[in-house]
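# Structure assessment
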Amino acid sequence: MNLPVTTVYNQWTQFEEFPHFMGGVKQITQLGDDRMEWVAEIGGIRRQWEARVVEQVPDRKVSWAATEGATNAGTVSFEDLGGTTRINLVLEYEPEGLVEKVGDKLNVVENQAKKDLQNFKEFIESESYATGAWRGTVPGIGGTPTVEDADSSRGDSGKAGVSGKVAAGVGVAAAAAVAGVAAAAANKKDDEDTTVEVTPVVDAAPVVPETAPVVPGTTPIVADDDVVDVDPVPAVDGIPGTGVPSETGGLQDGTVLDGNGTDRRGTL
């Protein structure tokens, strides 16, 4: 960023202004010097959590870990390049539910974070000054926190959910996401090789074929492991199976087909 590190850092500490330039952040409420509540929406999934600043050093870094809600942790560090500044973001999170896990495989959160950082760069460079500053220090744990430091938020699904505008179609979206994730990843233009593995969240019950009843005067037809019953051949003169098959040649109600049905935490 083409601004001094102090200017960039001061603007970053104005957390409640994040929604002005971060597309995935809907609201931040400052609860104290080292506590805040976040509401975000990415890919139609609405997430809410409380986070605690576990280390803050003016002009150098801000580190946090969630205490409840969506499990995440990370560090934003600021590097003084002599009149310009480099920001580095390390974010670790745990996706919940089918849609988030598929989105994780497609780097949805990573792409949103990159876009938001670019928006922050454009915002602060266009203003050329910080709208405010908090220069306090929070003694820290050192290093970069991980989701292990946000352990108290694990299992807290009460503050996670699907946004209202996609609630009605989330089931269809989830199914479509699973079906299309491999194809989407294959078409991803990247210099790195991408491997995608999709694991169903719910194991499908095995299909157990029923045994078709044998009807007198019926001839089973076996083709490609499918067993069907044809219309019984009527009797003629009291002798079973000597008549002419029906014009339908047809499959009876209750036809049995035996086959197999086939029913995705990112680091930036």
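To keep things clear, this report deals only with the structure shown in the data block. Remember, predicted model here, so these are calculated numbers, not experimental data.

What counts, and at which threshold
- Residues numbered from 1 in each chain as written.
- Predicted model: local features only at pLDDT ≥ 70, side-chain atom pairs only at ≥ 80, totals over all residues.
- Heavy atoms only, no water.
- Helix = DSSP H or I, 4+ residues; strand = E, 2+ residues; numbered from the N terminus.
- Buried < 20%, exposed > 50% of the residue type's maximum accessible area, 1.4 Å probe, protein only.
- Areas by Shrake-Rupley, 256 points an atom, 1.4 Å probe, with all protein chains shown as cover.
- Axes fitted to C-alpha atoms, helices over the stretch in contact; angles between N-to-C directions.
- Left-handed = near helix turned anticlockwise from the far one by under 90°.
- Contact = heavy atoms within 4.5 Å.
- Nonpolar A, V, L, I, M, F, W, Y, C, P; charged D, E, K, R; others polar.
- Phe/Tyr/Trp six-rings, centres within 6.5 Å; stacked < 30°, edge-to-face > 60°.
- Pairing = 2+ DSSP bridges.
- 1 Å grid on protein atoms, 1.4 Å probe; cavity = no way out; pocket = protein on both sides within 12 Å on 5 of 7 lines; lining within 4 Å.
- Points joined across faces, edges and corners; volume = space filled by probe spheres on them.
- Core = buried A, V, L, I, M, F, W, Y, C linked by side-chain atoms within 4.5 Å.

## Details of the overall build of the protein chain
The secondary structure content of the protein chain amounts to five helices and nine strands. Its helices and strands taken in sequence order, the protein chain reads α-β-β-β-β-β-β-α-α-β-α-α-β-β from the N to the C terminus. Expressed as a percentage of the 268 residues in the protein chain, the buried residues total 33%. Summed over all atoms, the accessible surface of the protein chain reaches about 15,600 Å², with 52% contributed by carbon and sulfur.

## Examining the packing of helix 1 (residues 5–12) against helix 3 (residues 108–127)
Put simply, helix 1 and helix 3 touch, their axes get as near as 11 Å, and they point 115 degrees apart. The way helix 1 lies across helix 3 gives a crossing that is right-handed. Residues Thr 7, Val 8, Gln 11 and Trp 12 of helix 1 touch helix 3, and the partners they reach there are Leu 117, Phe 120, Phe 123 and Ile 124. Considering only residue class, the contact of helix 1 with helix 3 consists of six nonpolar, two polar and no charged.

## Remarks on helix 2 (residues 97–105)
When helix 2 is considered as a whole, its buried residues turn out to be Glu 100, Val 102, Gly 103 and Asp 104. Looking at the residues trailing helix 2, positive phi occurs at Asn 107, about 60 degrees.

## Quick word on helix 1
Most of helix 1 sits inside the fold, with seven of its eight residues counted as buried. Looking at helix 1, one finds that the buried residues are Val 5, Thr 7, Val 8, Tyr 9, Asn 10, Gln 11 and Trp 12. Buried residues along helix 1 sit against strand 3 (45–57), strand 4 (61–69), strand 5 (72–80), strand 6 (85–93) and helix 3.

## A look at the packing of aromatic side chains
Counted by the stated rule, this structure contains ten aromatic pairs. Look at Tyr 9 and Phe 78: their rings are 5.3 Å apart centre to centre, the planes differ by 80 degrees, and that puts the pair in the edge-to-face class. One end of the pair, Tyr 9, is in helix 1; the other, Phe 78, is in strand 5, with 69 residues separating them in the sequence. By relative accessible area, which is 0% here, Tyr 9 ends up buried. Aromatic side chains Phe 18 and Phe 21 sit 5.6 Å apart centroid to centroid with 55 degrees between the ring planes, which places their arrangement in the tilted category.

## Points about the side chain of Asn 10
Examined against the element boundaries, Asn 10 turns out to sit in helix 1. Classification of Asn 10 as buried rests on a relative accessible area of 12%.

## As for the pairing of strand 6
Examined bridge by bridge, strand 5 and strand 6 share nine bridges and lie antiparallel to one another. Across the sheet, residue Gly 74 finds its bridge partner in strand 6, namely Leu 91. Taking the residues that link successive antiparallel strands as the turn, the strand 5-strand 6 hairpin has four residues, and the phi of Gly 82 there is positive, at about 80 degrees.

## Considerations on the layout of surface pockets
In this approach a probe as big as a water molecule rolls over the atoms, and the regions it shows empty are the leftover space. Its volume calculated, the largest pocket comes out at about 850 Å³. Along its surface, the largest pocket is lined by 41 residues, and Ala 40, Ile 42, Trp 49, Leu 91 and Val 109 are the ones closest to its centre. If you list the elements that add at least two residues to the lining of the largest pocket, you get strand 2 (35–42), strand 3, strand 4, strand 5, strand 6, helix 2 and helix 3. Residue composition of the lining of the largest pocket, by class: 29 nonpolar, six polar and six charged.

## As for the nonpolar core
Core analysis: the largest hydrophobic core is formed by 38 residues, its most contacted members being Trp 12, Phe 18, Trp 38, Phe 78, Ile 87 and Phe 120. If you list the elements that add at least two residues to this core, you get helix 1, strand 1 (25–32), strand 2, strand 3, strand 4, strand 5, strand 6 and helix 3. Ranked by residue count, the leading element in this core is helix 3, at five residues. When near neighbours in sequence (up to four residues on either side) are disregarded, Phe 18 contacts Trp 12, Val 25, Ile 28 and Trp 38.

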